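So the chains spell out like this:
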Amino acid sequence: MSDKLDTSDNPELLDSIIGLIDQTRHFVAKTVNQELTLLYWKIGKNINDEILKNDRADYGKKLILNLSTELSNRYGSGFNKRNLHSFIKLNTIFQDLTIVHTVCAQLTWSHLRTLIYIENNIKREFYIQMSIHERWSVRTLQDRIDSMLFERTAISKKPEETIINDLALLKNEKQISPDLAFRDPYFLDFLGLHDSYSEKDLESSILAQLQNFITEMGSEFAFLARQKRITIDDEDFYIDLLFYHRGLRRLVAIDLKLGKFKAGYKGQMELYLRWLEKNEQKEGENKPIGLILCSEKSPEQINYLMLDNDEQIKVSAYLTQLPEKKLLLEKLERAIAIAENNIHKNE
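The notes below deal with the structure included here. Being a predicted model, the structure only gives us computed values, none of them experimental. (Residues numbered from 1 in each chain as written. Predicted model: local features only at pLDDT ≥ 70, side-chain atom pairs only at ≥ 80, totals over all residues. Heavy atoms only, no water.)

## Section: the pairing of strand 2 (residues 221-232)
Then step 1. Relative to strand 3 (residues 235-245), strand 2 is paired through 10 bridges, and the arrangement is antiparallel. Counterpart to I232 in the pairing with strand 3 is E235.
Then step 2. The turn linking strand 2 back onto strand 3 is made up of 2 residues, and D233 within it adopts a positive phi angle of 55°. (Pairing = 2+ DSSP bridges. Helix = DSSP H or I, 4+ residues; strand = E, 2+ residues; numbered from the N terminus.)

## Side note on unusual backbone geometry
Then step 1. In this model, D184 is joined to P185 through a cis peptide bond whose omega is 0°.
Then step 2. Among the secondary structure elements, P185 is positioned in the loop between helix 10 (178-181) and strand 1 (186-187).
Then step 3. One non-glycine residue with positive phi stands out, namely K174, at about 60°.
Then step 4. Relative to the helices and strands, K174 is located in the loop between helix 9 (160-173) and helix 10.

## Let's talk about the packing of aromatic side chains
Then step 1. Taken as a whole, this structure holds 13 aromatic pairs when the rule is applied.
Then step 2. Taking the centre distance of 6.1 Å and the plane angle of 70° together, the rings of F79 and F87 count as edge-to-face.
Then step 3. Consider the rings of F213 and F243, whose centres lie 5.8 Å apart with planes at 45°: the pair is tilted. Highlighted residues: F213 in helix 12 (residues 210-217) and F243 in strand 3, separated in sequence by 30 residues. (Phe/Tyr/Trp six-rings, centres within 6.5 Å; stacked < 30°, edge-to-face > 60°.)

In structure tokens, the structure reads:
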């Protein structure tokens, strides 16, 4: 008779040991990441301090070249010239060691190596806090940067003080604002829609590509319903898509439109929101938000309706085919400049 034990006879013991191993491995990996990041910061500081002591223009280049050769021979390619430049950049961007301690406890060195090359301080802080909040992988972070997420997020068109305050609230209270959650425009090129298509085609394509749609919308969106029927005065109305945003603790009604935004869309959305507030909103939830997605916005109508600063109704464009990145960036920067100009006019 064999003395060999079958672990299936005691699955609880096996699961508990597996849990201990995985937990410890995660802790060790996290600790190693933190210590390496702190090491890189200290190396960067030492090099920066040494360069500052010497006024010769070529001194820094020669110093980095010599250090990379010596350190690479001793410790491997992790200390090559490119990486030394990243260590220096890390120390230049985050001069306070306590900030480095905080950030590297939540993000990997690979995240930080991407983030430190974002020159704009507010934009960098946006990507840091959103990476932490939505737990982005390094690849997701790079995709978000490449897709110009900051420029497309509603917050980028707000006063600098508002942006700083909203990011501080997210950092300290883990509370996301609607301006950080909604974008304009939304990139829906993954739907594969070209030339002529109907609102039903658009809606069906979104549902067929729901995971990609949620990825573009944001990870805290949860799908609830399609063509949500509501009855008012014995008349049926249909909300195209209904989502719930976990961070905002709000229902989100999405109305899909093929053409340009029309003023009448606001009244329709207000009707949906009042109905949801009365019939679907649960205790502890915030008031529902409406998102009107159009193929093109009507800036003057939106401005006259004061929807730019409306807390409950958002109007965004969507793109099913993306223009060249340069043209898109110019368009987004122009939209931000117009928003900033409107802010100054209202001051």
